[in-house]
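Read off the chains here:
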Amino acid sequence: MRRSPIPLVLAFGVLLTLLASSPALAAGYRYWSFWEGTGGQWQYATQGPSTARPADGAALGFRFAVSQDAAAEAAKPRVAADFAAVCASTPAVEGRKRIAVVVDFGVPADAPAGDAPPQDTPRTACAQVAPDATAAEALAQAAKPLRYNSAALLCAVSGYPKQGCGEQIADAGAKPEPKPSAQAGPKADGGPSTGLLAGLAAVAALAAAAVWQSRRRR
């Protein structure tokens, strides 16, 4: 006697329904992203400003926005990575390096509740720092005060925002979570949700029951 495929088809359909109805990924994070200028273009930094040591003539960018924690999806500074333009009026000094710093406070829509960007347009400054200075030291000279959390994640530039640090932005009522970042901070937990795992277990049990029932009919 041939086994009926209908129970297995039904189980597979339930699985697809569970996958389709699983919670969507979070919209992003509200945070300061760190960028390095390469050929006039911004490239997402692979380390934090407290460890990066830019060379003389480098351009650094910092952008506050709600965006994904990924190079292809994060919001870039809204002015070009142009060292010559930023540092044109700052003469070179022996024993110091010049770093072009671009600070983009973002748009009001990305500001935390009760807060607002200090200015609408990006701020530029030419920092002159020691030869072994980090990107954080160049930023501190150009736009202090800075605020970091215990994981060395940059939380505020020029005191903005007043509170918070890399909150996850999800559905309206969702509780903010700390931001995982390759630039600084802990890694994200990319595992499946508990509800989805429970649903998969239920589908597996349904499929096993279908097979047992099919064999019993033989």
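Residues numbered from 1 in each chain as written. Predicted model: local features only at pLDDT ≥ 70, side-chain atom pairs only at ≥ 80, totals over all residues. Heavy atoms only, no water.

Observations concerning the overall build of the protein chain
Then, number 1: Within the protein chain, the regular secondary structure consists of four helices and eight strands.
Then, number 2: Written out in order from the N terminus, the α and β elements of the protein chain read α-β-β-β-α-β-β-α-β-β-β-α.
Then, number 3: Counting all 218 residues of the protein chain, 38% fall into the buried class.
Then, number 4: Counting only carbon and sulfur atoms, one obtains 57% of the accessible surface of the protein chain, whose full area is about 12400 Å². (Helix = DSSP H or I, 4+ residues; strand = E, 2+ residues; numbered from the N terminus. Buried < 20%, exposed > 50% of the residue type's maximum accessible area, 1.4 Å probe, protein only. Areas by Shrake-Rupley, 256 points an atom, 1.4 Å probe, with all protein chains shown as cover.)

Let's talk about the environment of E137
Then, number 1: Its place among the elements puts E137 in helix α3 (residues 135–143).
Then, number 2: Between the C-alpha atoms of E137 and S50, which are 87 residues apart in sequence, the distance is 7.7 Å.
Then, number 3: The contact partners of E137, leaving out residues within four places of it in the chain, are V129 and D132.
Then, number 4: A distance of 2.7 Å separates a polar side-chain atom of E137 from the backbone nitrogen of T134. (Contact = heavy atoms within 4.5 Å. Polar contact = N/O pair within 3.5 Å; in protein donor to acceptor, adjacent residues only side chain to side chain.)

Quick look at the nonpolar core
Proteins that are soluble and globular tend to have nonpolar side chains buried together.
Then, number 1: The biggest cluster of nonpolar side chains holds 24 residues, and the ones touching the most others in it are W32, F62, V101, V103 and L139.
Then, number 2: Counting only elements with at least two residues in this core, the list comes to β1 (28–38), β3 (58–67), β4 (97–104), β5 (123–129), α3 and β7 (154–157).
Then, number 3: No other element matches the five residues that α3 contributes to this core.
Then, number 4: In contact with V103, other than residues within four places in its own chain, are W32, F62, P122, R123, L139, A143 and V157.
Then, number 5: Within the second largest apolar cluster, 14 residues are counted, among which are Y29, W42, V86 and C126. (Core = buried A, V, L, I, M, F, W, Y, C linked by side-chain atoms within 4.5 Å.)

Considerations on the packing of aromatic side chains
For any pair of aromatic rings, the description consists of the separation of the ring centres together with the inter-plane angle of the planes.
Then, number 1: For the coordinates displayed, the defined rule picks out six aromatic pairs.
Then, number 2: Between F105 and Y160, the ring centres sit 6.2 Å apart and the planes meet at 70 degrees, which makes this aromatic pair edge-to-face. With a gap of 55 residues between them, F105 in the loop between β4 and β5 and Y160 in the loop between β7 and β8 (167–169) connect regions that are remote in the sequence.
Then, number 3: Exposure remark for Y160: the relative accessible area of 2% places this residue in the buried category.
Then, number 4: Clustering of aromatic rings is evident, with ring pairs tying together W32, F64, F105 and Y160. (Phe/Tyr/Trp six-rings, centres within 6.5 Å; stacked < 30°, edge-to-face > 60°.)

Overview of the confidence of the model for the protein chain
Then, number 1: Counting all residues, the mean pLDDT for the protein chain is 78, and 64% of those residues have values of 70 or more.
Then, number 2: The low-confidence segment residues 7–26, where pLDDT is below 50, has 22 contacts with residues more than four positions distant or belonging to other chains.
Then, number 3: Below a pLDDT of 50 lies the segment residues 171–182, which in the model reaches 23 contacts outside its immediate sequence neighbourhood of four places, other chains included. (pLDDT = per-residue confidence, 0-100.)

Observations regarding the environment of R123
Then, number 1: Tracing the sequence through the fold places R123 in strand β5.
Then, number 2: Looking at R123, the relative accessible area reads 24%, which means it is partly exposed.
Then, number 3: With 20 residues separating them along the chain, R123 and A143 place their C-alpha atoms 8.7 Å apart.
Then, number 4: Among residues more than four places away in sequence, those in contact with R123 are V101, V102, V103, F105, A142, A143 and S158.
Then, number 5: Within the structure, the side chain of R123 is placed 3.3 Å from the side chain of Q119, a separation counted as a polar contact.

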